[in-house]
Amino acid sequence: MTSPRTTLSLVDTDPAELAVDAIVIGVHSQSGEQAATSGLAGTLLLSSGAESIAAAFDGKLTETLALLGATGGPGEVIKLATLGTVTAPLVVAVGLGAEPTGAAPNPEILRRAAGAAVRALAGAPRVALALPLPDDADAAAALRAVAEGALLGGYRFAGYKTRPQPTRREPVAEVLVSVPDASDATAQAEVARAQAVAGAVRLSRDWVNTAPNELRPPAFAEVVAAAAREAGLTVEVLDEAELKAGGYGGITAVGQGSEAPPRLVKLTYTPEGGGTGKRVALVGKGITFDTGGISIKPAQGMWEMKSDMAGAAAVGAAMLAVAALKPSVAVSGYLPMAENMPSGTSYRPGDVVTMFNGKRVEVLNTDAEGRMILGDAIARACADGCDYLFETSTLTGGQVISLGKRIAGVMGTPELCERVRAAGDATGEPAWPMPLPDDVRKGMDSDVADISQVNAGMDRAGHMLQGGVFLREFVADDVAWAHIDIAGPGYHSGEPTGYWTKGGTGVPVRTLLHLIDDVAANG
Ligand code: BES
Ligand code: MN
Ligand code: ZN
């Protein structure tokens, strides 16, 4: 099920003369202090990019927007009919918050503004964005943000409705971004990158939003493998018999309760001429539905566990973008997939499972299934050989309790956790480093096996950290690693906001791609 696409290109003609259905400009809110020193009445300021539109309105644009209720607050969208003042029939003013002092506008503000504007313009086939793009070292980051925001704000899941919805307007089909020089090579490269990146985010959202009866492990593996082959990646898919024979005890245990058997998909990208020699491994949790298994979850909200494969969706989609972007590092993606179901063949609390790296785990709660499949996949990635390992998963409700719905938790090698935090900051996918305390590991000592799957007394203290501490057992000593818990940010259950729509968010696709660029550039 693929969603309709939005295309994006650059223009450098005067925004006032563009033949589009709407032209988007930015407005800043003016602080009381700024109003006092400038002596200007009102609290609105047009941002750069809007000059020719303002001129066409004879100096009355700010006033008119204020009359319509514009305040310049972030995310605000105000529409104004142009009545022939400019070529486009509609001007849309999108709020950018207070005007940044000196520095370029914060990329995330631009990204959200572009997303909100394009989302609000559903029904208009062709729109242009005349947003503030600095003419300096920050130009590329600002253009990247605007392009990503616009393409993601234009996302809509195709869905399953059998009748056309008369009140539903089609997402914007074509976005033009107004820049000083449309033939500039750096700007064009940013657009090409944004298209590949946003395409990956949209695909990962589609996979997350797909109904779980349509995306059980064999089907998920098939759709990922087909897309990856088409993109030119090397693909390996292990089925249930191969997983069992190969010693993948964790994936086998979780998968055995379902009629739809588990899979492990490995996707490999090899750079031309060997690249820098660095090898990155990406690992993503692919629980296509998490009932909790024998330790079954309450019915309330259980349907949201269709998103428990958001980590695998992000890794699979990021690998497709890697195939298009061709970074100078080797990248392998590992997607362990299973459906966590209660049945007569399910694994059970008390079971002892031998994992791919030989360690034995005492199962205490079948709902802590993610770490079982991830332990195997991480160990396999380390056995294949890698320098950096990034793993991402909707692993613990504890992540949502401690950091909320927008900020991912990061655990692992401290230096790499800091790089993940910085990548999250740059991409607008915030992530915060968390510790791996000795006492939490001590609490997971098992009476009978090498480690318990959760705290042996079922104590939920440090719940998110237990996940990180468990996964560390499967990482080889010489590998720098980071575990990114996206239980909250992977899925958006609220109303659309910025470039986020309801459902899958695509987090952390853009973080992973940023990290790959980081490793390619800095080792
Ligand atoms: N998939 C869930 C975690 C989750 C919760 C993701 C909420 C997204 C939103 C995970 O498999 C799970 O069930 N975790 C348990 C772990 C517990 C049994 C140790 C949890 O968080 O309660
Ligand atoms: Mn679970
Ligand atoms: Zn789960």
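Basis of the calculations
- Residues numbered from 1 in each chain as written.
- Chains lettered and ligands numbered in written order.
- Predicted model: local features only at pLDDT ≥ 70, side-chain atom pairs only at ≥ 80, totals over all residues.
- Heavy atoms only, no water.
- Helix = DSSP H or I, 4+ residues; strand = E, 2+ residues; numbered from the N terminus.
- Rg over C-alpha atoms; globule rule 2.2 N^0.38 Å.
- Buried < 20%, exposed > 50% of the residue type's maximum accessible area, 1.4 Å probe, protein only.
- Contact = heavy atoms within 4.5 Å.
- Areas by Shrake-Rupley, 256 points an atom, 1.4 Å probe, with all protein chains shown as cover.
- Lys, Arg positive; Asp, Glu negative; His and termini not counted.
- Charge placed at Lys NZ, Arg CZ, Asp CG, Glu CD.
- Donors = N, O, S within 2.8 Å, 3.2 Å for Na, K, Ca; no water.
- Tetrahedral: all angles 85-135°; square planar, octahedral: opposite > 155°, others 65-115°.
- 1 Å grid on protein atoms, 1.4 Å probe; cavity = no way out; pocket = protein on both sides within 12 Å on 5 of 7 lines; lining within 4 Å.
- Points joined across faces, edges and corners; volume = space filled by probe spheres on them.
- Nonpolar A, V, L, I, M, F, W, Y, C, P; charged D, E, K, R; others polar.
- Domains from an automatic or database assignment.
- Polar contact = N/O pair within 3.5 Å; in protein donor to acceptor, adjacent residues only side chain to side chain.
- Pairing = 2+ DSSP bridges.
- Near = heavy atom within 4 Å.
- Sits in = over half its atoms within 2 Å of the grid points.
- Phe/Tyr/Trp six-rings, centres within 6.5 Å; stacked < 30°, edge-to-face > 60°.
- Lys NZ or Arg CZ within 6 Å of the ring centre and 35° of its normal.
- Buried area = accessible area lost by both parts, 1.4 Å probe.
- Salt bridge = Lys/Arg side-chain N within 4 Å of Asp/Glu carboxyl O.

Summing up its helical and strand segments, the protein has 16 helices and 21 strands in all. The C-alpha radius of gyration of the protein comes to 24 Å, within 12% of the 24 Å expected for a compact globule of 523 residues. Each principal axis of the C-alpha atoms in the protein carries an extent, and together these give about 80 × 50 × 45 Å. Looking at the protein as a whole, 56% of its 523 residues are labelled buried. Sequence-distant contacts, at least 24 apart, represent 76% of the contacts inside the protein between residues at least 6 apart. Carbon together with sulfur atoms contributes 54% to the accessible area of the protein, which is approximately 20300 Å² in total. The averaged location of the 59 negative side-chain charges in the protein is 6 Å from the averaged location of its 42 positive side-chain charges.

In this section: the coordination of the zinc ion (ligand 3). The coordination sphere of the zinc ion (ligand 3), as far as protein atoms go, consists of Lys285 (NZ), Asp290 (OD), Asp308 (OD) and Glu369 (OE), spread over 2.0 to 2.4 Å. Here the zinc ion (ligand 3) binds six donor atoms, and the angle range of 79 to 174° at the metal identifies the geometry as octahedral. Of note, the donors binding the zinc ion (ligand 3) are all from one chain and are spaced K-x4-D-x17-D-x60-E. In this structure the manganese ion (ligand 2) is found 3.1 Å away from the zinc ion (ligand 3), and Asp290 serves as a bridging donor for the pair.

Okay, the layout of surface pockets next. Of the voids in this model, the largest pocket is the one considered here, and its volume is about 780 Å³. Looking at the largest pocket, it is lined by 32 residues, and the ones nearest its centre are Lys297, Asp367, Leu395, Thr396 and Gly397. When contributions to the lining of the largest pocket are tallied by element, the ones reaching two or more residues are helix H11 (370-384), helix H12 (397-403) and helix H15 (463-472). Tallied by class, residues from the lining of the largest pocket come to 10 nonpolar, 11 polar and 11 charged. Here the second largest pocket is characterised by a volume of approximately 610 Å³. Residue lining of the second largest pocket: 23 residues in total, with Arg156, Arg168, Pro496, Thr501 and Lys502 positioned closest to the centre. Of all the secondary-structure elements, those providing two or more residues to the lining of the second largest pocket are helix H4 (107-120) and strand S20 (491-492). Counting the residues that make up the lining of the second largest pocket, at least three belong to each of domain 1 (7-178) and domain 2 (202-522).

On to the coordination of the manganese ion (ligand 2), then. Coordination of the manganese ion (ligand 2) by the protein is provided by Asp290 (OD), Asp367 (O), Asp367 (OD) and Glu369 (OE), with metal-donor distances spanning 2.1 to 2.2 Å. For the manganese ion (ligand 2), the six donor atoms in the first shell make angles of 69 to 165° at the metal, a pattern classed as irregular. For the manganese ion (ligand 2), the donor residues sit on a single chain with the sequence spacing D-x76-D-x1-E. Owing to a relative accessible area of 3%, Asp290 belongs among the buried residues under this scheme. Looking at Asp367, the relative accessible area reads 22%, which means it is partly exposed.

The residue His483 is located in strand S19 (residues 480-485) in this model. Take His483: its relative accessible area is 0%, and that puts it in the buried class. Reaching out from His483, the side chain makes a polar contact with the side chain of Glu391 at a distance of 2.4 Å. Setting aside its immediate chain neighbours within four residues, His483 contacts Glu391, Ser393, Leu395, Gly409, Val410, Met411, Gly468 and Leu471.

This paragraph deals with the pairing of S19. Across the six residues of S19, six count as buried, placing the element largely inside the fold. The alternating pattern of S19 places Ala480, Ala482 and Ile484 and Trp481, His483 and Asp485 on opposite faces, both of which are buried. As judged from the six bridges shared by strand S15 (residues 388-393) and S19, these two strands associate in the parallel manner. The residue of S19 that forms the bridge with Tyr388 is Ala480.

Lys297, Asp308, Asp367, Glu369 and Gly397 are the nearest of the 17 residues found near ligand 1. Contacts to ligand 1 include Leu395, whose backbone N or O atom sits 3.5 Å from a nitrogen atom. Residue Gly397 places a main-chain N or O atom 2.6 Å away from an oxygen atom belonging to ligand 1. Bound to the protein, ligand 1 loses 86% of the 510 Å² it would expose on its own. Here ligand 1 is seated within the largest pocket. Split into classes, the residues belonging to the shell around ligand 1 amount to five nonpolar, five polar and seven charged.

The next point concerns the packing of aromatic side chains. As enumerated under the stated definition, the model contains five aromatic pairs in all. Both rings, one in Tyr248 and one in Phe356, keep their centres 4.4 Å apart while their planes meet at 20°; by these two values the pair is stacked. Here Tyr248 is found in the loop between helix H8 (240-245) and helix H9 (249-255), whereas its partner Phe356 is found in the loop between strand S13 (352-354) and strand S14 (360-362), with 108 residues between them in sequence. Take Tyr248: its relative accessible area is 4%, and that puts it in the buried class. Where Phe470 meets Phe474, the ring centres are 5.2 Å apart and the plane angle is 45°; that geometry is what we call tilted. The residues Phe470 and Phe474 share a single accessibility class, namely buried. The ring centre of Trp500 lies 3.6 Å from the NZ or CZ of Arg406, which sits over that ring.

Before going further, it helps to spend a moment on the domain arrangement of the protein. Partitioning the protein into domains gives domain 1 (7-178) and domain 2 (202-522). Taken together, the contacts link 16 residues of domain 1 with 19 residues of domain 2. Between domain 1 and domain 2 lies a buried interface of about 1500 Å² when both sides are counted; carbon and sulfur atoms form 53% of it. It is Arg119, Leu152 and Tyr155 in domain 1 that bury the most area against domain 2; as a group they hold 42% of the surface buried on that side. Linking domain 1 with domain 2 are one salt bridge, by the criterion used here. Ionic pairing is found between Glu148 and Arg510, a salt bridge with its closest N-O pair at 3.0 Å. Counting across the interface, domain 1 meets domain 2 through 12 residue pairs in polar contact (both at pLDDT 80 or more). Where the side of domain 1 that touches domain 2 is concerned, the elements lending two or more residues are H4 and helix H5 (139-153). Looking at side-chain class alone, the side of domain 1 that touches domain 2 contains six nonpolar, four polar and six charged residues.

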